[in-house]
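So you can see what is in the structure, the chains are spelled out below.
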Amino acid sequence: MASSAGHRRRGKNRPKKKKKMAGPTTVQDLPDHLFELVLARLGPSPCLVRAAAACKRWCRVVANPGFLARFGPQAPHVGDYHTDHGGRPLFVPSSPVVVDCSRFSLDFLPDSGSWDIADSRGSLLLLCDGYDLIVCEPLTGLYQRILWPGVFRRRLGVFLLDGDDADRRVSMSNFRVLAAFDETTACIFSTGGDGGWRLVSSAIAGDIELPSTLGPENFVGRANGTVYWGIEGSDTDVLVLAESTAEFSIAAFPETVWWPSHRGISRVVGGDDGVLRVIRLINNELKVFARRHPDSDGDEWLLEMHLRLPEATLGLPGRKESFFQQEAMIVSANARYVLLTPSEETWLFSVELDTMRVEREHERNKYAGAAHPYKLPWPPALADHSG
């Protein structure tokens, strides 16, 4: 009995085994199908590309074609190239916290201080120095010089287009350059073994007489694969160039939308929704007209938004009572915003086209010129870590 009791007492004195505490749950414990939902909230953005660089698993999830397909072909907009007060290209990020501006420097270009930005497309820029052209990709430091067709000296503008291979994104090996010389002649430069300049001539139908002074200053916008130039002295007609064929023609806007018109008060813009819009200034009232049902027998133009500039700018820094005694001017416009100034003095401010919100202190308002949007290569080139 004593021995048995002693045995029981020794059993009571044994130390109890401690239960192993579970560690904290982290994002790495999420299964892939739930982790994809977390990353999807970043959208097609620089943040998503940064997340893919965090570790092999994150890269594998982001690089999956099925994951990237949910965003479609939309590439992340990371900022805009402007021309600074010294005439040099300058990158302005959409978010200084997320985007490293040093990655978008153009210092790798030969004679980098002499190039003017002519256009942008995806991750590429088109720059000019007189009649010299260069296409570059700032993120990779790649560039290609393009010899200007020597026989042509007059030009209406040069534009960067997607490449001939429609199944691939625009890149240094897949792009085209459209050069418009006058109202009947254009050239297209293509990359590849069969590339080079191709001349396209077109005859404009009708009895429209174009002024001999028609030039780059008559450019009023670009939208949905078409380039537009205003025609001085015409109430409704514009010169248009189809990017797909490089052929010129004459188009007409309704008088209620376009008349009276000149570069300082009229712009044509497009957008991701495919809707053609005309931005007008009429008696210092900003109006945005949208064309609906373009494939029907008659175009329907609707007044989408309007804003009285004298009242909308009250209280903004630097606003003077003497402003808006004359008609204001459109400095530049795109699908996102329009940049304006009163005629009395250069006082730049912008209006967001989706909300008509007026901005004065935004970084983009420091540069009196066109903004050339820059996007990351999309889909991103990510290493496959599935093996």
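Keep in mind it's a predicted model, so treat the numbers as computed, not measured.

1. Some points on a negative patch on the surface
And step 1. Taken together, Asp111, Asp116, Asp129 and Asp132 make up a surface patch of like negative charges.
And step 2. Topologically, Asp111 is positioned in the loop between β2 (89–93) and β3 (116–121).
And step 3. Judged by relative accessible area, which is 58%, Asp111 ranks as exposed.

2. Comments concerning the sheet that holds strand β10 (residues 196–201)
And step 1. Reading across from one edge, β7-β8-β9-β10 is the order of the 4 strands in this open sheet, with antiparallel pairing throughout. Here the strands that pair on one side only, and so sit at the sheet edges, are β7 (157–162) and β10. This sheet shows a mean twist of 25° between the axes of neighbouring strands, independent of strand direction.
And step 2. Pairing geometry for strand β8 (residues 175–182) and strand β9 (residues 185–190), over 6 bridges, is antiparallel. Its bridge partner being in β9, Ala179 is matched across the sheet by Cys187.

3. A short note on the nonpolar core
Burial of nonpolar side chains together is a common tendency in soluble globular proteins.
And step 1. Judged by nonpolar contacts, the single largest core of 21 residues is most densely connected at Leu281, Leu286, Leu309, Val338, Leu340, Phe349 and Val351.
And step 2. Elements represented by at least two residues in this core include exactly β16 (277–282), β17 (285–292), β20 (337–341) and β21 (349–352).
And step 3. Of all hydrophobic cores here, the second largest spans 18 residues; its members include Val135, Leu160, Phe181 and Phe189.

4. A look at the packing of helix α2 (residues 32–40) against helix α4 (residues 56–63)
And step 1. Their axes nearest at 10 Å, the elements α2 and α4 cross at an angle of 80°. Relative to α4, the element α2 is oriented roughly perpendicular. Of the residues in α4, those in contact with Asp32, Phe35, Glu36 and Leu39 of α2 are Arg57, Trp58, Arg60, Val61 and Val62.

About the cut-offs
- Residues numbered from 1 in each chain as written.
- Predicted model: local features only at pLDDT ≥ 70, side-chain atom pairs only at ≥ 80, totals over all residues.
- Heavy atoms only, no water.
- Patch = residues over 30% accessible without salt bridge, like charges linked within 9 Å, V, L, I, M, F, W, Y side chains within 5 Å.
- Areas by Shrake-Rupley, 256 points an atom, 1.4 Å probe, with all protein chains shown as cover.
- Salt bridge = Lys/Arg side-chain N within 4 Å of Asp/Glu carboxyl O.
- Lys, Arg positive; Asp, Glu negative; His and termini not counted.
- Charge placed at Lys NZ, Arg CZ, Asp CG, Glu CD.
- Helix = DSSP H or I, 4+ residues; strand = E, 2+ residues; numbered from the N terminus.
- Buried < 20%, exposed > 50% of the residue type's maximum accessible area, 1.4 Å probe, protein only.
- Pairing = 2+ DSSP bridges.
- Axes fitted to C-alpha atoms, helices over the stretch in contact; angles between N-to-C directions.
- Core = buried A, V, L, I, M, F, W, Y, C linked by side-chain atoms within 4.5 Å.
- Parallel < 35°, antiparallel > 145°, perpendicular 65-115°, else oblique.
- Contact = heavy atoms within 4.5 Å.

Bear in mind that shape data such as this cannot, by itself, settle questions of function.
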